[in-house]
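# Topology and contacts: notes
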Amino acid sequence: MTSNGSVSRLPAISFLFAVACAHDHALDRRDVGAMKNASPAISPWPGPVADPVAVVSDDSPVVAVVDRVHGMVVQVFAARGVDKINTASGVLAGGGLVLTDLRALFFAGPGGTIQVATEIAVLTTQGAFPARVAGSVVDAGVAVLELPEAAAELEGPPLTEGSSEVGDQLLAVRASKQGPSIVFDVIGFSVERTANPMRLRAAPGLPIAFAGAPVFDAAGALAGLLVGPTGQDIIFVPPALLLQILTRVHPPAAQVDDHI
């Protein structure tokens, strides 16, 4: 497997956005309780759009892809009380669903026990929303969150068709709240060839901070998800497995036979 060890940090042009005023979509004290007081990142805020910085040219293919997909990349906040808060990136999957890193929902408890988050919030470019766990696949390290009905219309990217081959440039996009804005960091990398489209693959060299980050191909389709099941190494979850997970959580509606 090959990977690009250098991080292309692009906090400019389309990559730094002010979060829209969330209005009634925002979390309030009734929604998240102590979590709201513990982290300002889940409260609505206004803020300016950053001025462009000359990191990449305006006509760069990277700029074009991130400009197209940034509104679908989110930051997930998981809390257990006021002093335990985890964050991870994630991606909107349509229908009010979000794909993210399962490990972000767990906390170390007393005596080596594992505790689950009691409050979850998802920060989008359209505001912040409370969330609940709709499903998970432990072996893949993926969690599926469900947002309230108000977020059901938020668009998710299409899943790429086929599997990426070695050498194909993929872009992992990470979202993080910084001051009054969301910053999107981007890493370019490739994955090894595999005959099994469902196989998890190691992604050496990618920072653990990219756990939960969606992976996009050159067309802006969702080509995978990065997870960090051990808290140290990044694993690439392929799109075929993501589709299976989403189908399991939200099966397609049954087709009605019009023939009599």
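Here the structure is a predicted model, which is why all the values come from computation and not from measurement.

### Some details on the packing of aromatic side chains
- Scanning all chains against the criterion turns up 1 aromatic pair.
- Between Phe189 and Phe236 the ring centres are 6.4 Å apart and the planes differ by 70°, which places this aromatic pair in the edge-to-face class. Here Phe236 lies in strand β16 (residues 235-237) and Phe189 lies in strand β12 (residues 181-189), a separation of 47 residues in the sequence. Residues Phe189 and Phe236 agree in their burial class; the two are buried.

### Comments concerning the sheet that holds strand β3 (residues 73-79)
- Around the barrel, which closes on itself, the 6 strands sit in the order β3-β4-β5-β10-β9-β8 with antiparallel pairing between neighbours. Across the sheet, the mean angle from the axis of one strand to that of its neighbour is 40°, orientation sign disregarded.
- Two elements, strand β4 (residues 85-94) and strand β5 (residues 97-101), share 4 bridges in a ladder whose sense is antiparallel. Residue pairing for β5: Gly90 is matched across the bridge by Thr100.
- Across the sheet, helix α4 (residues 239-249) touches β4, β5, β9 (127-137) and β10 (142-146), and the angle it forms with β10 is around 40°.

### A word on the pairing of strand β11 (residues 170-178)
- Summarising the sheet, β11 and β12 pair through 9 bridges and their orientation is antiparallel. Among the inter-strand pairings, Ala172 is bridged to a residue of β12, identified as Ile187.
- Between β11 and β12, which follow one another and run antiparallel, lie 2 residues, and Gly179 among them has a positive phi close to 60°.
- Inspection of the sheet shows β11 paired to strand β14 (residues 214-216) by 2 bridges, in the antiparallel sense. Residue pairing in the sheet places Ala172 in a bridge with Val215 of β14.

### A look at the environment of Thr194
- Its place among the elements puts Thr194 in the loop between β12 and β13 (201-202).
- Aside from chain neighbours lying at most four places away, what touches Thr194 is Arg199 and Arg201.
- One polar contact links the side chain of Thr194 to the main-chain amide nitrogen of Asn196, over a distance of 3.1 Å.
- In this structure the side chain of Thr194 is engaged in a polar contact, spanning 3.1 Å, whose partner is the side chain of Arg199.

### So, the pairing of β5
- Among the 5 residues of β5, 5 are classified as buried, and the element is accordingly described as predominantly covered.
- Between β4 and β5, which pair antiparallel in sequence order, lie 2 residues; one of them, Gly95, sits at a positive phi of approximately 65°.
- Across 5 bridges, the pairing between β5 and β10 is antiparallel. In the sheet register, Leu99 faces β10, and the bridge partner there is Val144.

So, how was this worked out
- Residues numbered from 1 in each chain as written.
- Predicted model: local features only at pLDDT ≥ 70, side-chain atom pairs only at ≥ 80, totals over all residues.
- Heavy atoms only, no water.
- Phe/Tyr/Trp six-rings, centres within 6.5 Å; stacked < 30°, edge-to-face > 60°.
- Helix = DSSP H or I, 4+ residues; strand = E, 2+ residues; numbered from the N terminus.
- Buried < 20%, exposed > 50% of the residue type's maximum accessible area, 1.4 Å probe, protein only.
- Pairing = 2+ DSSP bridges.
- Axes fitted to C-alpha atoms, helices over the stretch in contact; angles between N-to-C directions.
- Contact = heavy atoms within 4.5 Å.
- Polar contact = N/O pair within 3.5 Å; in protein donor to acceptor, adjacent residues only side chain to side chain.

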